[in-house]
Amino acid sequence: MKKVNLFKGISAIACSLLGVAICMSSLAYEREGDINRFLGIKADLIDGDDGYQKKFASEDELYAFEERHNVQMEEEGSVLLRNVNQALPLKESERKVTLFGNTSVHDIFHGSAGGAANKGISLHDSLVEAGFSVNETVYEKIKNLELTPSNSNIAEAPATTYSMSDLGDYKDVAIVVIGRYAGEANDFDVVDSYGVPELSFHQSEKEMMDFVTSVGFGKVVVLLNTTSTMDLGWLEEYNVDACIYTGYYGYYGTKGVAALLKGEASPSGHLVDTYAASSISSPAMVNYGDHRFSDLGTALYHSEYMVYAEGIYIGYKYYETRYFDQVNGLHNATSSKGSFVGSTWDYEKEVIYPFGYGSSYATFEQNLDSLTWDQINHTIEAKVIVKNTSATYNVPTKDVIQLYVSLPYETGQVEKSAIQIIAYEKTDALALGEEKTYTITLDDYFLASYDSKASNGSDPSKKGCYTLDAGDYYFAIGNGAHAALNNILALQGKSNLTNPSGTDITPDAGNAKKVNLASYDNITYATNPVTGNVVSNQFEDVDINTFIPGKVTYLSRSDWETFPEPTTSISTAEDATGYLKTHMSAKTALYEKPSDAPNTGDFTYGQDAGIRFIDMLGVEKDDPKWEEFINQLAINDLLKIIGDKRGNDAIPSIVFPATAIDNGPDGVLGMRTHVDSTLACCTYNKELIAERGELMAQETFFAGLHCLLGGGANLHRIPYGGRAFEYYSEDAVLSYYAGRVQSKAMQDNGLLTVYKHFVANDQELNRHGVATFMYEQAFRQNQLRGFEGLLTKGASLSVMTSYNRIGVIPTAASKPLLTNVMRGEWGFEGFNMTDSSKDATSYMFTPDCLDAGTDIFLNDTERTADAKTYVVKGRDGHLFQAIRDVAKRYFYSYLHSKVINGLADIEDVVVVTPWWKIAIVALDISIGVIALLSFGLVIVFTFVKREEN
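Here goes a summary of the coordinates provided. (Residues numbered from 1 in each chain as written. Predicted model: local features only at pLDDT ≥ 70, side-chain atom pairs only at ≥ 80, totals over all residues. Heavy atoms only, no water.)

**Focus: the side chain of His 270**
Alright, step 1. With respect to the helices, strands and loops of the structure, His 270 is situated in the loop between helix H8 (253-262) and strand S7 (275-276).
Alright, step 2. Judged by its relative accessible area of 4%, His 270 is buried.
Alright, step 3. With residues up to four places along the chain from it excluded, the contact list for His 270 reads Val 79, Gly 356, Tyr 357, Gly 358, Asp 399, Val 400, Gln 402, Asn 479, Cys 682 and Tyr 684. (Helix = DSSP H or I, 4+ residues; strand = E, 2+ residues; numbered from the N terminus. Buried < 20%, exposed > 50% of the residue type's maximum accessible area, 1.4 Å probe, protein only. Contact = heavy atoms within 4.5 Å.)

In structure tokens:
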């Protein structure tokens with residue numbers, strides 16, 4: 001009996017272990033690419049003259065170049081916000097410094113999302129290397145507190161950490177570092193654990209500043225180690241001498257900060273976001289939060305919504321437009337609605353630092369020499385003279401030229417911002433007294449506004465297109481949007497102009513030009529300027545008012561009393577059509593096989609035509625040879641493509657090697673991080689951003705990767721978005737330019753870059769399945785515009801869809817988005833991949849997504865089996881054709897990657913099974929054998945016992 005019980009126990013344990021082992025094995029196979037990278041198993045990348053070139057002989061050589069690049073990025077991206085009486089750069093006699101603030105010890109190198117660990121060269125070490133003497137006593141005291149920055153906890157060292165006796169003679173300069181840290185699945189909190197907005201100045205920070213300002217330091221310098229727009233009114237309150245926005249440093253950026261403090265370089269960055277007096281004052285913030293349909297309960301991923309009631313007025317397009325109307329006494333601009341500082345709205349009180357603003361140790365004079373708008377060829381040319389007029393700072397320094405436009409607007413017309421950036425240029429490093437003329441050329445596409453009510457001038461059967469209204473167009477340059485707008489207002493004869501917080505204002509009407517457009521134009525941009533494909537309404541169902549008329553009052557410039565109210569109660573029952581409830585409540589696929597769908601058996605597959613993958617290099621996508629090539633693949637090979645496991649297996653039949661994918665918004669996982677995307681955008685330097693893309697692509701040669709999940713083109717729609725560091729700006733045109741040059745540089749270096757997160761992933765809260773509502777103009781000119789730059793034909797060949805819904809349709813299942821706009825209007829030729837779809841199976845259904853135009857499901861091999869039930873068991877030729885299209889886009893994209901290196905000389909590829917998979921199989925078998933033997937012995941001994949009885 002004892003033996004029976006013993007083997008029963010062994011059998012039970014073994015069976016349990018076997019179940020766990022099988023589950024773990026399945027998970028390991030799903031994340032095969034991740035495990036390979038963790039174990040140092042890399043893809044065999046070949047360097048050759050027939051493919052994409054590795055430009056560095058070793059990782060050390062690459063890192064040396066990246067150090068120079070990222071130090072330059074930090075210098076050119078850091079924004080000098082405040083510099084009273086030229087407090088910076090520090091003098092030779094000002095080298096004894098005391099660091100304050102927990103973030104001065106626990107530097108924030110990058111945000112908390114997929115990428116390398118948060119590590120780099122500390123600010124302390126960079127200062128010491130640069131010749132500063134740092135107060136080690138205070139530094140060690142902060143360090144010993146072991147307070148690491150985290151979301152919802154600013155982790156500031158208490159003021160009691162500091163004492164006068166610890167300062168000694170380290171009183172030349174107090175360097176106060178303020179940081180905020182957030183990331184994936186973690187927005188900043190409007191009400192954090194301290195009971196205040198997380199981006200406000202906290203009590204512990206005030207107490208620290210009280211101590212610092214009581215000491216009598218020679219100077220107080222503040223560094224902002226964050227990517228998010230904090231409330232900064234306290235800089236004036238504490239009479240801080242200087243403040244520099246430094247962003248997240250990446251591995252090497254602190255060296256650039258040290259160089260800036262010494263004056264070896266001047267900050268030449270300009271803001272890509274607006275710093276409002278209150279970080280919660282924007283109209284977009286009104287509807288930030290956790291909102292749920294009142295009649296859908298708390299069903300996970302099926303009950304949340306978010307309303308973009310701000311319309312087109314994100315960031316400066318709100319603050320500056322309302323200022324324009326305030327100056328002109330229009331549209332209730334000084335209403336109390338939307339006022340966060342004072343009883344009535346006043347720009348001077350509402351904004352601290354405007355979009356585009358940036359100062360320098362050098363001084364510059366810019367003159368808009370000429371502005372020509374060729375209305376026949378639809379091009380704009382501006383000539384700008386820039387002169388370094390510095391009196392004392394003698395280091396050659398760069399400046400930024402920003403070109404803005406103010407569009408004609410009358411009540412009843414499509415919404416328009418009073419000012420918007422349309423182009424920019426970084427100057428050369430100009431020596432003291434040096435003058436140079438720069439020519440900026442661009443298409444007038446960015447002057448057009450999307451009007452969903454317009455008759456399409458290219459195809460009268462369609463509604464909606466980009467239009468140009470007749471009237472006066474004002475162009476201007478300036479140190480940011482506010483300065484440019486003031487130049488325009490001065491040209492218009494206005495005199496009651498102000499600056500934020502009462503700072504001096506010297507508008508220059510000569511730096512603004514007026515050009516008249518005689519007649520309305522609904523023809524030129526009724527087609528996409530790159531592809532020539534017709535642009536028309538696609539997103540009526542993204543507006544909640546389509547289903548519940550009058551539910552939301554969107555902010556309109558025609559009356560600032562429309563400043564949004566929170567949309568806190570929506571019931572799907574209010575929609576008489578049932579559309580909202582059907583899609584929000586769906587727990588199974590809504591896809592229905594078309595009545596005229598062919599049978600899977602009608603297609604040719606597995607028929608060898610002797611065409612290798614590499615033989616398709618240079619073959620146009622509409623060439624019939626693609627059909628012959630795809631016909632060679634077995635159904636299982638086609639199906640495997642859609643189920644990603646951080647890469648895909650080799651396909652020997654067409655000599656296609658295995659592919660490898662990994663994460664990396666600011667550089668490849670396991671390598672050295674770059675400065676964050678926001679700081680990179682603050683450089684206003686397209687060449688430097690392109691170099692950033694090239695270097696990230698070069699990293700993948702050493703990491704053994706063909707594809708990188710990195711780069712992002714969503715907007716800083718709200719200051720509280722956790723992934724702001726992955727995205728460029730609050731402005732869609734800046735995102736358009738920066739995303740296009742960075743992604744193209746990556747592509748040109750053989751790297752497929754899966755840009756994130758297409759589209760409207762502007763907050764992390766409820767990002768899974770949240771229904772996002774807005775009207776079409778806002779969607780196109782804001783959320784889509786940044787991605788348009790990098791996905792329109794000629795730039796990137798890969799993109800990642802977001803977890804949210806467009807209206808109530810999951811992004812990955814939106815045919816208007818993925819097929820009609822992305823591939824139709826923009827001519828995108830590559831593949832799109834979901835975010836990790838294993839987390840989204842309850843609302844992001846395989847056939848819905850494939851039918852809409854999704855290609856690959858990230859980290860989700862089960863999608864292969866799911867699709868197989870439709871195309872094999874269900875004989876659905878419609879979905880099978882969609883999968884054949886996936887294969888075409890997949891292989892076409894990889895033909896433009898380093899996968900092709902050396903393939904011309906290879907006759908076959910070998911499917912290599914990594915050792916850990918063999919070990920897992922062996923372990924599973926061993927446990928299975930033990931379970932089987934023990935179970936068998938239970939039976940044997942039970943039978944023997946019965947015989948004995």
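**Looking at the environment of Phe 880**
Alright, step 1. Examined against the element boundaries, Phe 880 turns out to sit in helix H22 (residues 877-894).
Alright, step 2. Along the chain, Phe 880 and Tyr 870 lie 10 residues apart, while their C-alpha atoms are 8.4 Å from each other.
Alright, step 3. Beyond its immediate chain neighbours, meaning those up to four positions away, Phe 880 contacts Thr 600, Phe 603, Tyr 605, Ile 635, Leu 638 and Val 871.

**Details of the packing of helix H9 (residues 316-328) against helix H11 (residues 481-491)**
Alright, step 1. Viewed as axis vectors pointing N to C, H9 and H11 meet at an angle of 25°, and their least axial separation amounts to 11 Å. The pairing of H9 with H11 is recorded here as roughly parallel in orientation. Handedness of the crossing formed by H9 with H11: right-handed. Residue-level inspection shows Tyr 316, Glu 320, Tyr 323, Phe 324, Val 327 and Asn 328 of H9 in contact with H11, the latter providing Ala 481, His 482, Leu 485, Asn 486 and Leu 489.
Alright, step 2. The class makeup of the residues in the contact of H9 with H11 is 7 nonpolar, 3 polar and 1 charged. (Axes fitted to C-alpha atoms, helices over the stretch in contact; angles between N-to-C directions. Parallel < 35°, antiparallel > 145°, perpendicular 65-115°, else oblique. Left-handed = near helix turned anticlockwise from the far one by under 90°. Nonpolar A, V, L, I, M, F, W, Y, C, P; charged D, E, K, R; others polar.)

**Section: the sheet that holds strand S11 (residues 364-374)**
Alright, step 1. Read from one edge to the other, the open sheet built from 3 strands follows the order S11-S12-S15, with strand pairing classed as antiparallel. Since the sheet does not close on itself, it has two edges, and those belong to S11 and strand S15 (435-443), each with one partner. Direction aside, the axes of adjacent strands within the sheet are offset by 15° on average.
Alright, step 2. Looking at chain direction, strand S12 (residues 379-388) and S15 are connected through 9 bridges and run antiparallel. The partner of Ile 385 across the bridge, within S15, is Thr 437. (Pairing = 2+ DSSP bridges.)

**Section: the pattern of salt bridges**
Alright, step 1. Following the criterion strictly, the structure yields 45 salt bridges and no others.
Alright, step 2. Its salt-bridge partner being Asp 166, residue Lys 141 comes within 2.7 Å of it at the nearest N-O pair. In this pair, Lys 141 is assigned in helix H5 (residues 136-145) and Asp 166 in the loop between H5 and strand S4 (173-179), connecting sequence segments 25 residues apart.
Alright, step 3. Using a relative accessible area of 15% as the deciding quantity, one classes Asp 166 as buried.
Alright, step 4. One salt bridge connects Lys 838 with Glu 862, and the closest N-O pair in it is separated by 3.0 Å. In this pair, Lys 838 is assigned in the loop between strand S28 (831-833) and helix H20 (846-852) and Glu 862 in helix H21 (residues 862-873), connecting sequence segments 24 residues apart.
Alright, step 5. On the accessibility criterion, Lys 838 (29% relative accessible area) is partly exposed.
Alright, step 6. Looking at Glu 862, the relative accessible area reads 47%, which means it is partly exposed. (Salt bridge = Lys/Arg side-chain N within 4 Å of Asp/Glu carboxyl O.)

**A look at the sheet that holds strand S18 (residues 471-477)**
Alright, step 1. Strand order in the open sheet made by the 4 strands is S14-S13-S18-S19, with antiparallel pairing throughout. In the strand order of this sheet, the two ends are held by strand S14 (420-426) and strand S19 (512-517), each with one partner. Shown here is a sheet whose adjacent strand axes are inclined to one another by a mean of 20°, direction ignored.
Alright, step 2. As defined by bridge partners, strand S13 (residues 400-406) adjoins S18 across 4 bridges and the pair is classed as antiparallel. Counted as the bridge partner of Val 405 is Phe 475 from S18.
Alright, step 3. On the sheet, H11 packs against S13, S18 and S19 and is oriented at approximately 130° with respect to S18.

**Re the packing of aromatic side chains**
Alright, step 1. In the structure shown here, the tally under the stated rule is 54 aromatic pairs.
Alright, step 2. Note on Tyr 318 and Trp 345: the rings are 6.2 Å apart at their centroids and 70° apart in plane angle, and the pair reads as edge-to-face. Placement of the pair is Tyr 318 in helix H9 and Trp 345 in the loop between H9 and helix H10 (347-350), with a sequence separation of 27 residues. In terms of burial, Tyr 318 and Trp 345 fall into one category: buried.
Alright, step 3. The interplanar angle of 75° and the centroid separation of 5.2 Å between the aromatic rings of Phe 603 and Phe 880 together place this pair among those described as edge-to-face. Placement of the pair is Phe 603 in the loop between helix H12 (579-585) and helix H13 (625-631) and Phe 880 in helix H22, with a sequence separation of 277 residues. Just as Phe 603 is buried, Phe 880 falls in that class too.
Alright, step 4. In this structure an aromatic cluster arises from ring pairing among Tyr 424, Tyr 445, Phe 446, Tyr 450, Tyr 466, Tyr 525, Tyr 684, Tyr 736 and Tyr 737.
Alright, step 5. The ring of Tyr 737 has Lys 686 lying over it, and the distance from NZ or CZ to the ring centre is 4.2 Å.
Alright, step 6. Over the face of the ring belonging to Tyr 308 we find Arg 717, whose NZ or CZ atom lies 3.6 Å from the ring centre. (Phe/Tyr/Trp six-rings, centres within 6.5 Å; stacked < 30°, edge-to-face > 60°. Lys NZ or Arg CZ within 6 Å of the ring centre and 35° of its normal.)

**Concerning helix H18 (residues 776-791)**
Alright, step 1. Between its first and last C-alpha, H18 extends only 19 Å over 16 residues, short of the 22 Å set by a 1.5 Å rise per residue.
Alright, step 2. Leu 784 marks the point of greatest bend in H18, at about 60°. (Expected span 1.5 Å × (residues − 1). Bend = angle between axes of the 7 residues up to and from the residue.)

**Considering the nonpolar core**
Alright, step 1. Counting residues in hydrophobic clusters, the biggest one holds 271 residues, and the most contacted among them are Phe 758 and Phe 891.
Alright, step 2. Leave out the neighbours within four places in its chain, and Phe 758 touches Leu 784, Phe 787, Leu 791, Val 799, Met 800, Thr 801, Ser 802, Thr 811, Leu 817, Leu 818, Met 822 and Trp 826.
Alright, step 3. Residues Ala 113, Tyr 181, Tyr 248 and Phe 725 belong to the second largest nonpolar core, which totals 5 residues. (Core = buried A, V, L, I, M, F, W, Y, C linked by side-chain atoms within 4.5 Å.)

**Some points on the environment of His 202**
Alright, step 1. One can find His 202 in the loop between S4 and helix H6 (203-215).
Alright, step 2. On a C-alpha basis, the gap between His 202 and Tyr 357 in space is 25 Å, while along the polypeptide they are 155 residues apart.
Alright, step 3. In this view, His 202 contacts Ile 154, Arg 180, Asp 192, Tyr 194, Val 196 and Pro 197; residues no more than four positions away in its chain are not counted.

**Re unusual backbone geometry**
Alright, step 1. Residue Pro 89 follows Leu 88 across a cis peptide bond; omega there is 0°.
Alright, step 2. By secondary structure assignment, the location of Pro 89 is in the loop between strand S1 (79-83) and strand S2 (96-100).
Alright, step 3. The amide bond that connects Phe 758 to the next residue, Val 759, takes the cis arrangement and shows omega of 15°.
Alright, step 4. Phi is positive for Glu 146, close to 55°, though the residue is something other than glycine.
Alright, step 5. By the element assignment, Glu 146 lies in the loop between H5 and S4.
Alright, step 6. Assessed through its relative accessible area of 65%, Glu 146 is described here as exposed.
Alright, step 7. Its identity is not glycine, yet Tyr 684 carries a phi of approximately 55°, on the positive side.
Alright, step 8. Structurally, the position occupied by Tyr 684 is in the loop between helix H15 (677-682) and helix H16 (686-703).

Keep in mind that these numbers describe shape and distance, not what the molecule does.
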